[in-house]
Structure formats: C-alpha cells, structure tokens
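Structural features, examined
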Amino acid sequence: MGLKSQDYLRDASGVRRKNVLMTIRVGLIGAGNIGTSHARDLSTRVAGSTVSVIYDFDEARARELAAELDARAVSSYQDVIAAADVDAVLIASPDQFHAEQALACLAAGKPTLCEKPLSPSEAGARSVLDAEVALGRQLIMMGFMRRFDPGYVELKGGFGPAGIGEPLVIRNSHRNEIAPYGLDSAMSITNAAIHEIDINRWLTDDEYAWVEVLTGRNGPLTPEGQHDPLFLLLKTTQGTIIDIEMFVQSQLGYEVTCAVTGGLGAAEMADGSYVTTSRTLHRGHDLPKQWLGRFQEAYRLQLQAWITHLTDGGPLPGASTWDGYVGAVVANRAIESLRSGQRVAVTLPPRPALYA
Ligand SMILES: NC(=O)c1ccc[n+]([C@@H]2O[C@H](COP(=O)([O-])OP(=O)(O)OC[C@H]3O[C@@H](n4cnc5c(N)ncnc54)[C@H](O)[C@@H]3O)[C@@H](O)[C@H]2O)c1
C-alpha cells in the first residue's frame, strides 16, 4: 500500500511545498482491464492521487469499480471531464475513442493521461496534436509506459562510449498468448506494435526513414485474410536498423524482448524482470498471460511520474501528443506496406515548437 500524498510530501522533503495540489483527483474513462489496474494503482500504490469519478460504457462495471475505490460512477465521459472533483483525466477506453475523448479533455483544460494509441488513424491523431498546439500547453501524456520500464531504462542507459556504443541494430519481439481484442492485422500494428514503434524511437532518439512489413507463413490460429505473425523492418534517419516480430496469437503467453547491437558491444532484455529457474532437465521462467504480469511496475512508475508532474510541475515526464501522433503516422505507413508489399517512406511535418 503506497503512502497518500500528504504523508509522501512531508516525508520526502520535510517541508510543505508551495503551490502544490496535495491530492490529484483523477477521473477514469474506461474501467476495463487496464483502466481498472491504473485506478487501483492510483488509489493504493501511487502517492498524491485518488480516483474520484468513473465512467464506463458498461455502467455496471463503472459502478462496481467506483464502489471498490470509494469513487462515484457517472453516465457519460463528458460528465467525468466536467466534474468539479476531477483534476485530471485518465483515458482507458478502446482505441477508437481516444482522440474524441482527448479533444474533450483539451477543450476543458484538464491534464490527461491517454492510453496508447493516440488514435488508430493519422487524421484522429493529427486533430489532437493540432488542438494541443493551438492551446499552447502540453496537457496530454501518452501511456507509452515502456519508457518507465526498468528493463528498457537500463538498456538505454547502457548506450554511449562507456557502454555498448550507439545502437546499430535493434531486434524486438512482441508476443501475446491470444489476440486480446480479436485478430486484425492492421490493429496488430496500431494497437500492439505501436509499443515498439514508440520505444525504439525513444531508445534511439531518432525518427524513422522508412518501414516495411513482411508477411509469411501464418500461425495456426490466424483467421482467413489476416496475417500473424507480422515482421516489421524499419530504418531510422541515422541508419539504425530495427525489426519487430509481432505475433499476437502466439499461444505461448505474453513475451517482450529487445536485443541491441551497439558499436562497442551488445545488450539484451530477453527475460525482462523475470527470475530464471533451473530444475531437472529444465531451465527457464514462467510467462504471464498478459501485459499486467510483465509491465506492472512500469505502469505504476508512469502513473507516479504523471501525478508528481501534476503536483510539482516541470516538463512532461513521459510521451507527448507529438509522440502519439508520430506513432500513428508510422503505424499507418506500416499498414500501407502491409497492403502493398512495398517499403514505404516515413515523412513527418516539422515538430511544433511546443514539443521542442
Ligand atoms: N499501455 C499498455 O500496455 C496497455 C495495455 C492494455 C491496454 N491498453 C490500452 O487501453 C485501452 C483499453 O484496453 P483494455 O485492455 O483495458 O480493454 P477492455 O476491453 O478490457 O476495456 C475497455 C473498457 O472500455 C469500455 N468502453 C467501451 N466503449 C467506451 C467508451 N466509448 N467510453 C468509455 N469506455 C468505453 C468497455 O466497456 C470496457 O470496460 C486500449 O486503448 C488499449 O490499447 C494499453
């Protein structure tokens, strides 16, 4: 159980900080798998936050979680955003609603943590980017939580002259046991591989020059007309070569790996934070069924960074709307490649000064 904000602020600094909101009251939109996990984290494991208002399309689900967390359920997402006792909003609804709900948060001037992706469509992502740029303030943080994962942080920290040098080749795999929202190859890119699209930009501090998607022999559970696994090949503007094996119906469990070859050495995040055990004629570790089993600490660290940013100020600690927009652009070029079989160039508009 985490400390609540009042205790945390006194314990950490010994003095009351000036101009801080002692507790950020978060309104939740979407109380499914990840929304419930985030809300429980915010209520119990993150210092400085409570969950005050909850909306879910499934009203019974919202009421149930609200009862558990001492919050109240409302009957529209607009009611969450407008509520006087909501200081910040967490969007955890299905992908296709994120842009519309993020736009409403911007219009209300409420800080928002928006689950990935910003939008499955480039136009949807662009509309949010344009609205935030017009507002002139960064209110949205994207839920690309891998940027907070101790494994990825350690990998990136090992780059440079004192470590493995600059990344030359990065090889990623992302496997789910089963497609969590049904198998659709375009969604495998916009919903799942979007994590790798983002984290490899973050690892390399670079943008992509092109993307190519290869399809091949399908896994046994792949429905007619779909492709699984997908193999994405990307090159950054500085020349780092990146590949992603995206296998949504792998049946083996949830597994994410990332191996980097640098100019001076190599590093691999193969087993994440798992303990590898040996027993008679076996060496290995259990795989979780889902992301919550692998990235729980990254989710918590991300929420804590967001809440601390809201109470203490300072630059946005995680991925921005610009990052969400770039993810949508790259994902949509990848879908073009999936459909055409051709390599597709990635071109981006100039980065707005707001995200310098
Ligand atoms: N960062 C991550 O690693 C991560 C992990 C899982 C999910 N996600 C993202 O979080 C979002 C939710 O995923 P999930 O796995 O929790 O899905 P889910 O299906 O378990 O939950 C979605 C919830 O949203 C509700 N809902 C449907 N339409 C809605 C609407 N218009 N407004 C509000 N709520 C609505 C549903 O009733 C359901 O309870 C997705 O966008 C997904 O991409 C991110």
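Residues numbered from 1 in each chain as written. Predicted model: local features only at pLDDT ≥ 70, side-chain atom pairs only at ≥ 80, totals over all residues. Heavy atoms only, no water.

Most of strand β10 (residues 241–247) is tucked away: five of the seven residues are buried. Across seven bridges, the pairing between strand β7 (residues 167–175) and β10 is parallel. When the sheet's bridge partners are listed, Ser173 is paired in β10 with Glu245. Relative to β10, strand β9 (residues 230–236) is paired through six bridges, and the arrangement is antiparallel. Of the residues in β10, the one forming a bridge with Leu233 is Asp243. (Buried < 20%, exposed > 50% of the residue type's maximum accessible area, 1.4 Å probe, protein only. Helix = DSSP H or I, 4+ residues; strand = E, 2+ residues; numbered from the N terminus. Pairing = 2+ DSSP bridges.)

With 20 residues, helix α10 (residues 321–340) extends 29 Å from end C-alpha to end C-alpha; this agrees with the ideal 28 Å at 1.5 Å per step. For α10, a buried count of 17 out of 20 residues is recorded, marking the element as mostly surrounded by other parts of the structure. Regarding α10, its N-cap is Ser320, as a side-chain oxygen of that residue lies 3.2 Å from the backbone nitrogen of Trp322 further along. (Expected span 1.5 Å × (residues − 1). Polar contact = N/O pair within 3.5 Å; in protein donor to acceptor, adjacent residues only side chain to side chain.)

Asp56, Arg61, Asp95, Tyr181 and Tyr299 are the nearest of the 27 residues found near the ligand. At 2.6 Å, a side-chain N or O of Tyr181 approaches an oxygen atom of the ligand. The side chain of Tyr299 places a nitrogen or oxygen atom 2.6 Å from an oxygen atom of the ligand. Burial of the ligand by the protein amounts to 88% of the accessible area it has alone, namely 840 Å². (Near = heavy atom within 4 Å. Areas by Shrake-Rupley, 256 points an atom, 1.4 Å probe, with all protein chains shown as cover.)

A few words now on the nonpolar core. Across soluble globular proteins, nonpolar side chains have a tendency to be buried as a group. Ile54, Tyr152 and Ile189 are the most contacted members of the largest nonpolar core, which totals 100 residues. There are two domains that each give this core at least three residues, and those are domain 1 (5–144 + 297–317) and domain 2 (147–288 + 325–355). Ignoring any residue separated from it by four or fewer positions in sequence, one finds Ile54 in contact with Leu28, Ala31, Ala62, Leu65, Ala66, Ala71, Arg72, Ala73, Val74 and Val80. (Core = buried A, V, L, I, M, F, W, Y, C linked by side-chain atoms within 4.5 Å. Domains from an automatic or database assignment. Contact = heavy atoms within 4.5 Å.)

Attention shifts here to the sheet that holds strand β5 (residues 112–114). The six strands lie next to each other as β3-β2-β1-β4-β5-β6, forming an open sheet whose pairing is parallel. Because the sheet does not close on itself, it has two edges, and the strands there are β3 (72–73) and β6 (140–142). Packed onto the sheet, helix α2 (residues 33–44) meets β1 (24–29), β2 (49–55) and β4 (88–91) and runs at close to 145° relative to β2. Together, β1, β2 and β3 form the strand contacts of helix α3 (residues 59–69), whose direction differs from that of β2 by roughly 160°. (Axes fitted to C-alpha atoms, helices over the stretch in contact; angles between N-to-C directions.)

Such coordinate-based values are descriptive only and should not be taken to indicate function.
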